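As a plain string of letters, each chain reads:
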Amino acid sequence: SGWFLIAYIFSTTKTVEGTFKKSVLRALGTVGGAFSAWLALTISRNPAFLGIWATLMSSVLAYYTLPQGFSSRFGLDQDLAWGSGYFAMTQYLIVLTVYKGFGTINDVTVNRIVANLAGIFLSLVLAAIPPGIFGSSPRELQFLLEDKKRALRDCLRLILDGSKTEHRLPQHDL
C-alpha cells in the first residue's frame, strides 16, 4: 500500500535523533488513531456519531498534548505535535475509507497500521545505518531530498493509477 512510502517520507528527518523521535510519535499516533477509528466504527456507522466521535477524540488529545499559543500549530511543537496530528489524520482516514465502502473495518485498520509501522521501521533502520549521515553532508542531504521526492511521486502515481472506480478522481499524468 502507498502508506508504507508515506510513512517513510514523513518519519525521516535530517538527524538520527529527529527521525527516532518523530517515528515514535508517528507510530503512537497511528496506532492510537487506528484504534479510535476501529472503536467508533464498531459502535456505530451513523455519520453524525462518527463525526462527533472523531472530532471529540482529536480535540481532547490535542488539548492535553499540545502547548498553548502559537507554538501549538502543527509541526511547530517538536515534542508532541506529531503524535496528535497523526492520531487525527489516521482516525479520520480510516473512518472515511470504511464509511465510503472501500474496505472492511478490520482490513482497513490493520492495513493502515502495518503499512505505517513498516515505513516507520524503514526510516528508523536507514537513520541508524550508517549513523550520523543525515544532515552531516549537504551532498547526502540532497540525495535524501531527491529520494523523498521520487518516493512521493511514485506514491502519487500508485494512487492515481489505482483510481479506476467511479468514486475517485480521473487519472492525470504527473
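Here the structure is shown first, and the text comes after it.
Residues numbered from 1 in each chain as written. Predicted model: local features only at pLDDT ≥ 70, side-chain atom pairs only at ≥ 80, totals over all residues. Heavy atoms only, no water.

S.K.: Quick question: what am I supposed to make of the packing of helix α1 (residues 3-11) against helix α5 (residues 105-128) here?
M.R.: Geometrically, a packed helix pair is captured by the angle between its two axes and the distance between the axes. Their axes nearest at 7 Å, the elements α1 and α5 cross at an angle of 40°. Classified by the angle between their axes, α1 and α5 sit oblique to one another. Two packed elements cross with a definite hand, and for α1 against α5 that hand is right-handed. The residues of α5 that touch α1, namely those facing Trp3, Phe4, Ala7, Tyr8 and Ser11, are Asn111, Arg112, Ala115, Asn116, Ala118, Gly119, Ile120, Leu122, Ser123 and Leu126. Split into classes, the residues belonging to the contact of α1 with α5 amount to nine nonpolar, five polar and one charged. (Axes fitted to C-alpha atoms, helices over the stretch in contact; angles between N-to-C directions. Helix = DSSP H or I, 4+ residues; strand = E, 2+ residues; numbered from the N terminus. Parallel < 35°, antiparallel > 145°, perpendicular 65-115°, else oblique. Left-handed = near helix turned anticlockwise from the far one by under 90°. Contact = heavy atoms within 4.5 Å. Nonpolar A, V, L, I, M, F, W, Y, C, P; charged D, E, K, R; others polar.)

S.K.: Sorry if this is basic, but what is going on with the layout of surface pockets here?
M.R.: Empty space among the atoms becomes visible once a probe the size of a water molecule is rolled across them. In this structure, the second largest pocket occupies an estimated 170 Å³ of space. Trp3, Ile6, Arg26, Tyr86 and Met89 are the residues nearest the centre of the second largest pocket, which is lined by twelve residues in total. Of all the elements in the fold, those that place two or more residues in the lining of the second largest pocket are α1, α4 (81-99) and α5. A per-element tally of the lining of the second largest pocket places α4 first, with five residues. Taken together, the residues that form the lining of the second largest pocket break down as eight nonpolar, two polar and two charged. (1 Å grid on protein atoms, 1.4 Å probe; cavity = no way out; pocket = protein on both sides within 12 Å on 5 of 7 lines; lining within 4 Å. Points joined across faces, edges and corners; volume = space filled by probe spheres on them.)

Purely spatial values, then, with no claim about function.
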